[in-house]
Structure formats: structure tokens, C-alpha cells
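Working through the structure, step by step
This is what each chain is made of:
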Amino acid sequence: MLNDEICKLREKLNDSILNGQDYAITYKLSVELDQLIAEYYRTEMNLSSKKKVKEEIKRKVKSKNR
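Source: prediction; values computed, not measured.

Structural notes on the pattern of salt bridges
- This model, assessed by the stated rule, comprises two salt bridges.
- A salt bridge links glutamate 32 to lysine 28; the shortest N-O distance between them is 3.0 Å. Of this pair, glutamate 32 and lysine 28 both sit in helix 2 (residues 23–65), four residues apart, which is roughly one turn of the helix.
- Taking relative accessible area as the criterion, lysine 28 reaches 53% and is therefore assigned exposed.
- The residue arginine 59 makes a salt bridge to glutamate 56 at a minimum N-O spacing of 2.6 Å.

Here you go:
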């Protein structure tokens, strides 16, 4: 979902640059894209952290049951 939004916004930004749109528009698109990318990485880092916690819990339960 975020990937799709990032791709669409990247396309708009590229078009803006290629078509020589006003700098303010290009800048706004660039900032929006940066925000989406940051959100994507925050989400990925959060999912990665949750996965590590789950794996650690499983490891502890296994070692406790031995």
C-alpha cells in the first residue's frame, strides 16, 4: 500500500521535474515523497522489531520447556 503511494508520488515528482513545473510544486512533491518514504521505513522497522520480539519469546518458551 505505501509502496504504491510512493511509486505514484515519485512518478508525479519526476513528471514535475521533466515538465519544468514551478519550483514550489516540485518542492512540495519532494517533501511529500520524503515523508512517505520515512513512514515506510518507520513501518518496516516497527514490523522488524515486533518480529524479533516474537522470535525471542518463542526461543525463551522453547528453552523453558526443555
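Some thoughts on the packing of aromatic side chains
- Counted according to the given criterion, the structure contains two aromatic pairs.
- Considering the side-chain rings of tyrosine 40 and tyrosine 41, the 5.4 Å spacing of their centres and the 80° angle between planes classify their relative orientation as edge-to-face.

What counts and how
Residues numbered from 1 in each chain as written. Predicted model: local features only at pLDDT ≥ 70, side-chain atom pairs only at ≥ 80, totals over all residues. Heavy atoms only, no water. Salt bridge = Lys/Arg side-chain N within 4 Å of Asp/Glu carboxyl O. Helix = DSSP H or I, 4+ residues; strand = E, 2+ residues; numbered from the N terminus. Buried < 20%, exposed > 50% of the residue type's maximum accessible area, 1.4 Å probe, protein only. Phe/Tyr/Trp six-rings, centres within 6.5 Å; stacked < 30°, edge-to-face > 60°.

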